[in-house]
There are 2 protein chains.
Amino acid sequence: MNNYKQAIVVRKDLGMGAGKIAGQVAHAAVLAAEKIRKYNYEWYTSWLYEDDPPQTKIVLKVNSAEELIKVTREAPMEYLTFIHDAGKTQIAPNTLTCIGIGPMPNEAIEPIIKNLKLL
Amino acid sequence: MNNYKQAIVVRKDLGMGAGKIAGQVAHAAVLAAEKIRKYNYEWYTSWLYEDDPPQTKIVLKVNSAEELIKVTREAPMEYLTFIHDAGKTQIAPNTLTCIGIGPMPNEAIEPIIKNLKLL
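Our subject in this report is the structure included herewith. (Residues numbered from 1 in each chain as written. Chains lettered and ligands numbered in written order. Predicted model: local features only at pLDDT ≥ 70, side-chain atom pairs only at ≥ 80, totals over all residues. Heavy atoms only, no water.)

Regarding the interface of chain B and chain A
- Counting from both sides, the interface comprises 26 residues of chain B and, opposite them, 26 residues of chain A.
- Across the interface of chain B and chain A, roughly 2,000 Å² is buried in total on both sides, 65% from carbon and sulfur atoms.
- When residues of chain B are sorted by the area they lose upon contact with chain A, His27, Val30 and Lys57 of chain B head the list and together hold 23% of the total.
- Taken together, the connections running from chain B to chain A amount to 0 salt bridges.
- Those elements that provide at least two residues to the side of chain B that touches chain A are α1 (18-39), α2 (41-49) and β2 (57-62) of chain B.
- Per-element accounting of the side of chain B that touches chain A gives the leading share, 15 residues, to α1 of chain B. (Contact = heavy atoms within 4.5 Å. Buried area = accessible area lost by both parts, 1.4 Å probe. Salt bridge = Lys/Arg side-chain N within 4 Å of Asp/Glu carboxyl O. Helix = DSSP H or I, 4+ residues; strand = E, 2+ residues; numbered from the N terminus.)

Written out as structure tokens, the structure reads:
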């Protein structure tokens with residue numbers, strides 16, 4: 001079993017296509033990992049190298065910006081990465097599209113994400 | 001204009017849903033960035049911090065494993081990250097789902113991806 005996890009929470013109300021969503025989630029995953037690498041190197045390396053499987057990620061959904069912001073209130077800002085789209089393609093500039101949480105220990109992240117559904 | 005880019009190339013023939021694709025692309029983005037961070041730190045930091053916009057990513061598609069492998073033959077192995085799914089949910093174990101390329105300079109990555117379509 002893995003002991004660390006990263007969660008990415010995506011807004012489903014923006015009408016983004018599968019490729020757009022994948023790009024936004026990838027942004028969140030990279031930047032959130034980079035943030036935790038600086039903030040808590042032990043969490044970062046534990047997540048990166050743990051067995052079965054390493055780098056566990058979970059992609060979750062919400063239906064509005066308000067719901068997304070509500071989720072963020074359950075977590076310290078140090079654990080959160082906010083992704084705003086430049087808005088050159090499918091959506092308006094500076095739209096909040098998703099957030100990255102962690103990677104962090106399961107016991108710390110589970111209470112934050114417990115009410116969210118898988119994308 | 002940005003000078004660096006990361007590409008993720010996804011197989012569209014596996015019937016993966018939007019959430020599954022997003023997770024696989026996120027794996028590729030994080031691991032490919034980590035690989036380049038070790039292999040060429042200047043490329044990594046240039047991509048991570050460049051302006052307008054930073055951390056450019058492009059998500060592309062192919063229709064088979066063979067097509068994906070053909071793409072990889074255009075690039076040195078040092079630039080490539082292969083993502084195989086554990087196969088616990090939607091697809092068979094150890095299926096090659098996508099690859100990450102770079103981040104690397106545009107002039108080096110464009111020839112590798114020039115024939116691929118956006119996801």
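Back to the text.
A look at the side chain of Lys20 of chain B
- Considering the arrangement of structural elements, one finds Lys20 of chain B in helix α1.
- When residues no more than four places from it in sequence are discounted, the contact partners of Lys20 of chain B are Asp85, Thr89, Gln90 and Ile91 of chain B.

Some thoughts on helix α4 (residues 106-113) of chain B
Residues and elements named next belong to chain B.
- Every buried residue of α4 is listed here: Asn106, Ile109, Ile112 and Ile113. The buried residues of α4 all sit within an arc of 130 degrees when viewed along its axis, so they share a single face.
- At its buried positions, α4 is contacted by β1 (4-11), β2, α3 (65-72) and β4 (95-105). (Buried < 20%, exposed > 50% of the residue type's maximum accessible area, 1.4 Å probe, protein only. Arc of directions from axis to C-beta.)

Thoughts on the relation of the copies chain B and chain A
- Rotating chain B by 180 degrees and moving it 0.0 Å along the rotation axis overlays it on chain A with an RMSD of 0.0 Å. What the rotation and shift describe, once combined, is the action of a two-fold rotation axis.
- Here 100% of the interface residues in chain B have copies in chain A that are interface residues too; the copies meet face to matching face. (Least-squares fit on C-alpha atoms with pLDDT ≥ 70 in both.)

Considerations on the layout of surface pockets
- Roughly 920 Å³ of internal volume is contained in the largest pocket.
- Every residue lining the largest pocket is counted, 31 residues in all, and those nearest its centre are Lys20, Gln24, His27 and Asp85 of chain A together with Lys57 of chain B.
- Looking at the lining of the largest pocket, the elements with two or more residues in it are α1 (18-39) and β3 (80-85) of chain A together with β2 of chain B.
- Ranked by residue count, the leading element in the lining of the largest pocket is α1 of chain A, at 7 residues.
- Tallied by class, the residues present in the lining of the largest pocket amount to 12 nonpolar, 13 polar and 6 charged.
- Its volume calculated, the second largest pocket comes out at about 780 Å³.
- Going through the elements one at a time, β2 (57-62) of chain A together with α1 and β3 (80-85) of chain B are the ones with two or more residues in the lining of the second largest pocket.
- Per-element accounting of the lining of the second largest pocket gives the leading share, 6 residues, to α1 of chain B.
- Of the residues assigned to the lining of the second largest pocket, the class counts are 10 nonpolar, 11 polar and 5 charged. (1 Å grid on protein atoms, 1.4 Å probe; cavity = no way out; pocket = protein on both sides within 12 Å on 5 of 7 lines; lining within 4 Å. Points joined across faces, edges and corners; volume = space filled by probe spheres on them. Nonpolar A, V, L, I, M, F, W, Y, C, P; charged D, E, K, R; others polar.)

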